[in-house]
Amino acid sequence: MESDNQGKPSQPAKKGFSRRSFLQGVGIGGGAAVGLSNELLAAPQSGSGARVVGPGPVRVALKINGRVHNLEIEPRVTLLDALRNRLDLTGAKKVCDRATCGACTMIVNGRAVYSCTTLAIEAQGKDIQTIEGFTTPAKMHAVSAAFVENDAQQCGFCTPGFVVAAKAFLDRHANPTMADVNRGLGGNLCRCGTYIGVRQAVLDAAREMRGGRRA
Amino acid sequence: MPSKYDYPPADKRSLIGKRITRLDGPVKATGQAKYSYDMNRPGMLIAKMLSSPYAHAKIKSIDTSEAERSPGVKAVVLMSKVDGELLWEGSEIAAVAAETEEQATDGVRKIKVEYDVLPHLVKEEDLSKVGANGKPSAEQTAGNPTQAFAASDVVVSEGYYGIDTITHCCLESHGNVVEWEGDNCTVYASTQAVGRVGGDLAKALAGEAGFSGVQPANIRVLTQHMGGGFGSKFSIDTWGIAAAKLSKKAGKPVKLMLDRDQELLMAGMRPSDYAKIKIAAKQDGTIVAWDSESWSTGGATGGTLPPIPYVFTEIPNRRLRHVAVMTNTGPARAWRAPNHPQASFLTCGAMTDTAAKLNMDPLQFFLKNLNLTARGDVYKLELEKGAELMDWKSKYHPAGQGSGTIKTGVGLAVGTWGGRPHDSECRITIHPDGTVLLEMGTQDLGVGTRTVLAIVAAETFGLPLNAIEVRIGDSKYPPSGASGGSTTVGGVSASTRRASIKALDKLFEAVAPTLSVTADKLTAVDGRVQVAGDATKNMTWKAACAKLGTSNISEVGKQPARDEGNLNDSGVGGAHMAEVEVDTETGIVTVKKVVAVQDCGLVISLKTAESQVYGAVIQAVCNSLYEERIFDQQTGRMLNADMEFYKLSGIGDIPDIVVHMVQGTYDSRGVIGLGEPPAVPPTAAIANAVHNAIGVRVSVPMTPARVLAALAKGGRA
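Source: prediction; values computed, not measured. (Residues numbered from 1 in each chain as written. Chains lettered and ligands numbered in written order. Predicted model: local features only at pLDDT ≥ 70, side-chain atom pairs only at ≥ 80, totals over all residues.)

A. Region of interest: the overall build of chain A. Counting secondary structure elements, chain A contains seven helices and seven strands. When the elements of chain A are put in sequence order from the N terminus, they spell out β-α-α-β-β-β-α-β-β-β-α-α-α-α. The buried share of chain A, taken over its 215 residues, is 50%. When contacts within chain A are restricted to residue pairs at least 6 apart in sequence, long-range pairs at least 24 apart make up 60% of them. (Helix = DSSP H or I, 4+ residues; strand = E, 2+ residues; numbered from the N terminus. Buried ≥ 20, exposed ≤ 12 C-beta atoms within 10 Å, placed from the backbone. Contact = placed C-beta atoms within 7 Å.)

Structure (structure tokens):
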């Protein structure tokens, strides 16, 4: 595996090393060897100066909620596992572990990402925001407050992912319709069946964040 | 007879039955709630499990030596023995604990197992193909069905009804964090039963080397928050026992949570049910006879006869035969209202088809036969209310009628559940500074138990909700039953009410002299203790508690308790109606609206009660249309043990849902559990709406492929 110089912005996501893009490479190439040679193996041979690191632990610096954390982890460690297992940031949950359910959602450079399918080394130099970074029980973000008010949680295991995804969505779509909410939060799944509350919570939070009053 | 322990009458309730925001909301909506999966204990190891890749096999040999030498690995335990039989894909073989999750995964990969692969059966819908795995398990006859079906004045409806298995797919997978200190052990368990799993673990470890001193009292179980169980999380499970052994062996805390595929393969399954059903009814709609040949699987133990005919149990002439089919798939666990959703689907489906054959509106047909049910008054009220909220009259049409390629339809179904309250003890402590502590060894699965406890205590003391400190989710508190079968709310509300009244009586005795009355003349309202009928003679709650000097009041309330109030009951009814759209070109079913009318006696916490009903309906949308365990008979494997292809509904799949709680009419019965009841009828209501739309019966899940196949078979494609 390779890594750019720490601290520098990484390459665009589609050229990175998330498991999803790796799998896509395999699929398109029709075999692992083809995918690897294009994306990973060719780079060092081409003399681009990129470094091969791992498979043992390497130093990884992550900027999380405005603070830089230095970790010694294997390059295969996901962003989610790095935060949950090494930094005790457990708001994001490990559920499907396959970029389906959204319980692991974090905001990376302003966009919602599935952290279970993002490698920690790839998140270096990026601005990582987790639920712990913008809302607490004592000072709830408008999204959290609206989730509580609308009973948009039961067991609550999907809830942090929904709250983070909703914040990322509302940061870009200040005035959504119900249909927008259905699309914008379509990447998160709930098992208890809290969607009715979630929908209303996101609409209420949007109004609150625009400075409006609640109905 | 009225009792001082009874809940206050409607006009005296300030919190009970109101829309109260749940207490656990803020910690959950900010990611601060700590689940078992979130526990990071000092020095903790992470464990992973090796599970069987075969649906049926015998273990010839296991070699863990390479795994034990693998970097970071600290302990390995076997969960199956050589010569042990593995009866389903996912069966537990061994577990590995290592310093990191990645190292544990590597360790598991280095375990070498040789298998004798044996024949398997993983599909049971076609009874003709199950061979010796199908065993007749029940036969019942009442009245004279042969004669009743042969009578000249009856119409006979005959149909096939199928509902597949589903898997629980709890978002927090099953598992525990286990930590030993000598013979004492703390288990952070993802469980529905903090009072039970410690005893289970002690029993499992008894006789094992190194655990001779371990008694149930040595094991403390903690569950502050739990990420979904739905009936599948009562046991310590083999993986909990393995975690305890790994932890002891390594001398460090161990976390073992199932991987997602393991969760779907073996940690939760609702049995299937398939049936050929005949109903005979007179021209006026009176049902006279029932005949069913049913079969089902619950995995390796086969499947039991569902409670059919359901709700309409008093059909005079009945014949039932059932075949239990053993399949090599993960074992059945209780799912909300075990066997009832299936029974409702079979019965209400066959009844709807009978109504269609009689050219009757099913609403009229169901109403006509309510004398065959145990609570006709409840169902009449609910069906009529549901019809009004659904606008049934204008939406109903004879089955299969309608032009165009998009067909609409409405369907209805009913359900029932017992929900007899479990045993419970509550300790209430009033401190001289006025603070109130409530302790109980129950657990809040996210249904609102904490909130219910606080509401009952605060209502009794005339205090605001936040004046009660609720401590639960810990086996060291007074025992309360496992949370399953809708037994919790009735039990914990009663023990809390009784403890609160007892504690309040003690407080009244302490302050009565100051107010120059006897204790029985005092009431607690609006944060004051005052003389009944003379509000001018009062003291604040705080001042009253100050009279306690330096001693606390600590009282325990129990459920059951003879002569201490009429606080709970069992047995409820619910009626649901659904409206769907079916695209006959693509086979896609869209649920447009569901109306759920539900009785549960006295409602304590209206907001979380409604959420239970919303959630049950949404789960029914999932399992009616999307959830499908896809097995390959050739390999014996589940092809979709993941969340990408084992589909749950997303936020955009959810219809308008109208929840109507029957409040007031049955309040005097006390509190009755609500977790199961609304989970019963919605699948049947949706399936009946699809039948109404397209005029043919589709098995559940009603996937596009199945809808198109049913249309083709019915000559309607």
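B. The arrangement of the overall build of chain B in detail. In terms of regular secondary structure, chain B is built from 17 helices and 28 strands. Here the C-alpha atoms of chain B give a radius of gyration of 28 Å, agreeing with the 27 Å that 2.2 N^0.38 yields for 717 residues. Structurally, chain B occupies a C-alpha span of about 85 × 70 × 45 Å along its principal axes. When the 717 residues of chain B are sorted by exposure, 59% land in the buried category. For chain B, long-range pairs separated by at least 24 residues make up 81% of all intrachain contacts whose partners lie at least 6 apart in sequence. (Rg over C-alpha atoms; globule rule 2.2 N^0.38 Å.)

C. Focus on the nonpolar core. One finds A47(B), V96(B), A97(B) and V690(B) to be the most contacted residues of the largest nonpolar core, which totals 282 residues. Each residue touching A97(B), except ones within four places of it in the same chain, is listed here: L45(B), I46(B), A47(B), K74(B), A75(B), A104(B), L246(B), A250(B) and V254(B). (Core = buried A, V, L, I, M, F, W, Y, C linked by C-beta atoms within 7 Å.)

D. Up close: the environment of S668(B). All names here are of chain B. Within the secondary structure layout, S668 lies in the loop between β28 (656-662) and α16 (682-694). Classification of S668 as partly exposed rests on a count of 13 C-beta atoms within 10 Å. When the C-alpha positions of S668 and L86 are compared, they lie 52 Å apart, and in sequence the two are 582 residues distant.

E. Structural context of the sheet that holds strand β7 (residues 127-129) of chain A. Residue and element names in this part refer to chain A. Here we have five strands laid out as an open sheet, ordered β4-β3-β7-β5-β6, and mixed in their pairing. For this open sheet the edge positions go to β4 (67-73) and β6 (111-114), each flanked by a neighbour on one side alone. Averaged over all adjacent pairs, the angle separating strand axes in this sheet is 40°, with direction ignored. Sheet analysis places strand β5 (residues 105-108) next to β6, joined by four bridges and oriented antiparallel. When the sheet's bridge partners are listed, I107 is paired in β6 with A112. Docked against the sheet, helix α5 (residues 159-172) engages β5 and β6, running at close to 30° with respect to β5. (Pairing = 2+ DSSP bridges. Axes fitted to C-alpha atoms, helices over the stretch in contact; angles between N-to-C directions.)

F. Looking closely at the pairing of strand β15 (residues 317-325) of chain B. Residue and element names in this part refer to chain B. The element β15 is largely enclosed, with a buried count of seven among its nine residues. Looking at chain direction, strand β7 (residues 134-142) and β15 are connected through eight bridges and run antiparallel. Residue E139 lies in a different strand from β15, and its bridge partner there is R321. Pairing between strand β14 (residues 287-296) and β15: eight bridges, direction parallel. In the strand pairing of β15, S294 is matched with H322.

G. Expanded view of α16(B). Across its 13 residues, α16(B) extends 19 Å between first and last C-alpha, which sits within 8% of the 18 Å expected from 1.5 Å per residue. Burial analysis of α16(B) places 13 of its 13 residues in the buried class, the great majority of the element. (Expected span 1.5 Å × (residues − 1).)

H. Spatial organisation of the confidence of the model for chain A. Residues at a pLDDT of 70 or more form 75% of chain A, whose mean pLDDT is 83. For the stretch residues 1-46 of chain A, pLDDT sits under 50, and the model shows 57 contacts to residues farther than four places along the chain or on other chains. (pLDDT = per-residue confidence, 0-100.)

I. Focus on the interface of chain B and chain A. Each partner contributes residues to the interface: chain B has 49 residues there, and chain A has 51 residues. Contributing elements (two or more residues each) for the side of chain B that touches chain A: α1 (25-29), α3 (101-109) and α15 (606-625) of chain B. Among the elements that take part in the side of chain B that touches chain A, α15(B) stands out by supplying nine residues, more than any other. When the residues that make up the side of chain B that touches chain A are grouped by side-chain class, the tally is 21 nonpolar, 16 polar and twelve charged. (Nonpolar A, V, L, I, M, F, W, Y, C, P; charged D, E, K, R; others polar.)

J. Layout of the packing of α5(A) against helix α7 (residues 195-209) of chain A. All names here are of chain A. Contact geometry for α5 and α7: axes closest at 11 Å, N-to-C directions at 45°. As judged from the angle between their axes, α5 and α7 are oblique. Crossing handedness for the pair α5 and α7: right-handed. Contact residues: F162, A166 and L170 in α5; V198, V202, A205, A206 and M209 in α7. A per-class count over the contact of α5 with α7 returns eight nonpolar, no polar and no charged. (Parallel < 35°, antiparallel > 145°, perpendicular 65-115°, else oblique. Left-handed = near helix turned anticlockwise from the far one by under 90°.)

K. Molecular detail of the sheet that holds β7(B). Residues and elements named next belong to chain B. In spatial order, the strands read β7-β15-β14-β13-β8; together these five strands make up an open sheet with mixed pairing. Edge positions in the sheet fall to β7 and β8 (154-163), since each has one partner strand and no second. Neighbour to neighbour, the strand axes of the sheet diverge by 10° on average, direction disregarded. Across the sheet, helix α8 (residues 340-357) lies against β8 and β13 (273-282), angled at about 145° from β8, the strand it touches most.

L. Seen up close, the packing of helix α4 (residues 142-149) of chain A against α7(A). All names here are of chain A. The interhelical angle for the contact between α4 and α7, taken along N-to-C directions, is 140°, at an axis separation of 8 Å. Overall, the two elements α4 and α7 adopt an arrangement that is oblique. For the element pair α4 and α7, the recorded crossing hand is right-handed. In this structure, α4 contributes A142, V143, A146, F147 and E149 to the contact, and α7 contributes A201, D204, A205, E208 and M209. Residues that form the contact of α4 with α7 fall into these classes: seven nonpolar, no polar and three charged.

M. Layout of the confidence of the model for chain B. Of all residues in chain B, 100% have pLDDT values of 70 or greater, and the mean over the chain is 97. Interface confidence for the predicted complex, expressed as ipTM, amounts to 0.97; the pTM equals 0.94.

N. Examining the environment of V53(A) more closely. As for its placement among the helices and strands, V53(A) is situated in the loop between β2 (51-52) and β3 (58-64). Distance in space between the C-alpha atoms of V53(A) and V77(A) is 13 Å, their sequence separation being 24 residues.

O. The arrangement of unusual backbone geometry in detail. The residue after G54(A), namely P55(A), is reached through a cis peptide bond having omega 5°. Counting through the fold element by element, P55(A) comes out in the loop between β2 and β3. Following Q559(B), the chain continues into P560(B) via a peptide bond in cis, with omega recorded as 0°. Here P560(B) is to be found in the loop between β23 (553-559) and β24 (572-583).

P. Region of interest: helix α12 (residues 449-461) of chain B. All names here are of chain B. Between its first and last C-alpha, α12 extends 19 Å over 13 residues, near the 18 Å set by a 1.5 Å rise per residue. Taking burial as the measure, the 13 residues of α12 include 13 buried ones, the bulk of the element. The first or second residue beyond α12 is G462, which carries a positive phi of 65°.

Q. Quick look at the environment of A275(B). All names here are of chain B. Looking at where A275 falls in the secondary structure, it is placed in strand β13. Judged by the 26 C-beta atoms lying within 10 Å of it, A275 falls in the buried class. For the pair formed by A275 and A97, sequence separation is 178 residues and the distance between their alpha carbons is 46 Å. Discounting chain neighbours no more than four positions away, the residues touching A275 are Y161, S292, E293, S294 and L346.

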